[in-house]
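Analysis of the macromolecular model
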Amino acid sequence: MTQPGSYQGVALVSPVSLGYARQSAHGALWYVGSVLRELIAAAGIEKTDVDGLAVSSFGLSPDSASFLTQHFDMQLRWLEQLPFGGASGVIALRRAARAVQSGDADIIACIGGDTAAQGSFRDLVADFSSFSNSASYPYGSGGPNMPFAIITRAYMERTGATREDFGRIAVSQRHNAKHFAGALLGDKSLAMEDYLDARPISSPLHLFDCVMPCAGGEGLLVMSEDRAKSLNLPYCSLLAADERHNAFQDDPIQLRGGWPQFSDQLYDRAGLGPGDIDLLQTYDDYPVICLLQMEGLNFCPAGEGFQFVRDTDLTFDGGGLPHNTSGGQLSVGQAGSAAGYLGLVESVRQLTRTAVSNQVPGARHAMVSGYGMINYDRGLCSSAAILAGADS
C-alpha cells in the first residue's frame, strides 16, 4: 500500500471556537459564517484572501457548501463539504493541506458549525441513515446510546474495565474544562462520586458518559508556512495524517476503530513515537471510545486502555499525558459536526501558545484523533493527525 507524502510547508493558524450554547435561535449557517468572520479577523486578512472552504455541518440543509459561497458573497476556487461527523476535522485538514501544497488554493478556512434547538437532536437521529432508520430507530433505539452501550459492555467484559475507569476520563476532562472559558459545563464540578451516582441512561452508560448536544462553531485557517510568516501569525505544522472508513468491518462488536491500520506508519512519517506526544485530543462522545483511540494509537496495548488511564494523569496540568485539554465534548458539549473540529482547534491553540488558563507547559507535539458517523452498531470513520509547533 502506498503511503501519503509529506505535508511539509503547510501551516495551521488562527484557531477559533465560537458561540457555545445549549440552545440557539441561530441556524447552522450563522455559526459557520460567524466562525469565518472571526477567522478572517484573527488573521488580519480580507475575505477576498480566502479562496478555499472546507465545511462540515449536519444542519445546512436545504443548503449545501456551494450555496454558502452566495450566502457569504465569496468567490472560491476550492470547496469541500465533509460529512464525516467526528472525523471531519482531521479529514478537512488533510484535504486542505494537499490543496495548498498543489496550488489549488492559497488560504482555506476549515469550519465545523451546527445549532441546537428543542427537539433538534431527536430529529437528527430519527433520520440519520438508512441502516438506523430500518434496524434501530423503529424499535426505540434511535441515536448513539444503544450502540455505545453495547460497545461499552463488551469492552468491560473483555478487559475487566470498570465504571471508575470511564469516570477517570470524565472527571479529568471536567477539571480541564474549568480552565477553558468556552466549556458549557466548566462551571460545574464533577467528582468520581457524582459520576458513579448519576442516573442510568442505557446500561452500563450513565448520565456523565454522554455528551450534551449544543450549538457552536470551530475553525482554523490552512495556508503555506511562508504566508503565515509574512502575516506574522503563530502557526503549527502537520507532520502526518491518515484516515480509514469501515475498518475491521467483520468485527461483530466494534472494539477497535481504523487507527491500528495506520498508527505505526503515522509515527514513522512524523519521525516520532507515542512518548514524544505532549498532548492527546481524542473524539469523546463516550469515554469508551477514548480508550479505543488510546489503544489504537499505540499509547498502550489493545485491551489495556483502562489500565493506562489508571496509571496516567490526564489533566492539562497534572504532569502525565494531557488529554482533551479544553474539556472535550463531555464538558464543552457536542455541537454537531463542530465536535469533529474541537480537538484539532484546541491543539492549534496549544501548539501556538494561544491557550490561556489551560496552556500545557512546553507542548511541542500533539496527536488529534477523530471518529464519526455512528451507524446502527458502530462508527464508520476514523482519522488521526500529528501536529508540531513551529519551534519543534
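The structure displayed is predicted, hence computed values, not measured ones.

Attention now goes to the pattern of salt bridges. Overall, the coordinates contain 14 salt bridges when judged by the stated rule. Across the pair Arg-77 and Asp-106 runs a salt bridge whose closest N-O atoms are separated by 3.5 Å. Of the two residues, Arg-77 sits in the loop between helix H2 (65–71) and strand E3 (78–81) while Asp-106 sits in the loop between helix H3 (88–102) and strand E4 (108–114), which places them 29 residues apart along the sequence. Since its relative accessible area comes to 48%, Arg-77 is described here as partly exposed. A residue is classified by how much of its surface remains accessible, and Asp-106, at 40% relative accessible area, is partly exposed. Linking Arg-94 and Glu-243 is a salt bridge whose minimum nitrogen-to-oxygen distance equals 2.8 Å. Of this pair, Arg-94 sits in helix H3 while Glu-243 sits in strand E8 (residues 236–245), placing them 149 residues apart in sequence. Residue class for Arg-94 comes out buried when judged on its relative accessible area of 13%. Taken together, the salt bridges that share partners define one network made up of Arg-94, Arg-95, Asp-242, Glu-243, Arg-244 and Arg-269.

As a further point, take the layout of surface pockets. Quantified by volume, the largest pocket comes out at close to 1,000 Å³. Around the largest pocket sit 48 residues that line it, and Phe-121, Leu-124, Val-125, Pro-213 and Gln-334 are the ones nearest its centre. Looking at the lining of the largest pocket, the elements with two or more residues in it are helix H4 (120–126), helix H6 (145–159) and strand E10 (365–374). Among the elements that line the lining of the largest pocket, the one with the most residues is H4, at six residues. Residues of the lining of the largest pocket, tallied by class, amount to 24 nonpolar, 18 polar and six charged. Size it by volume and the second largest pocket reaches roughly 240 Å³.

Calculation notes
- Residues numbered from 1 in each chain as written.
- Predicted model: local features only at pLDDT ≥ 70, side-chain atom pairs only at ≥ 80, totals over all residues.
- Heavy atoms only, no water.
- Salt bridge = Lys/Arg side-chain N within 4 Å of Asp/Glu carboxyl O.
- Helix = DSSP H or I, 4+ residues; strand = E, 2+ residues; numbered from the N terminus.
- Buried < 20%, exposed > 50% of the residue type's maximum accessible area, 1.4 Å probe, protein only.
- 1 Å grid on protein atoms, 1.4 Å probe; cavity = no way out; pocket = protein on both sides within 12 Å on 5 of 7 lines; lining within 4 Å.
- Points joined across faces, edges and corners; volume = space filled by probe spheres on them.
- Nonpolar A, V, L, I, M, F, W, Y, C, P; charged D, E, K, R; others polar.

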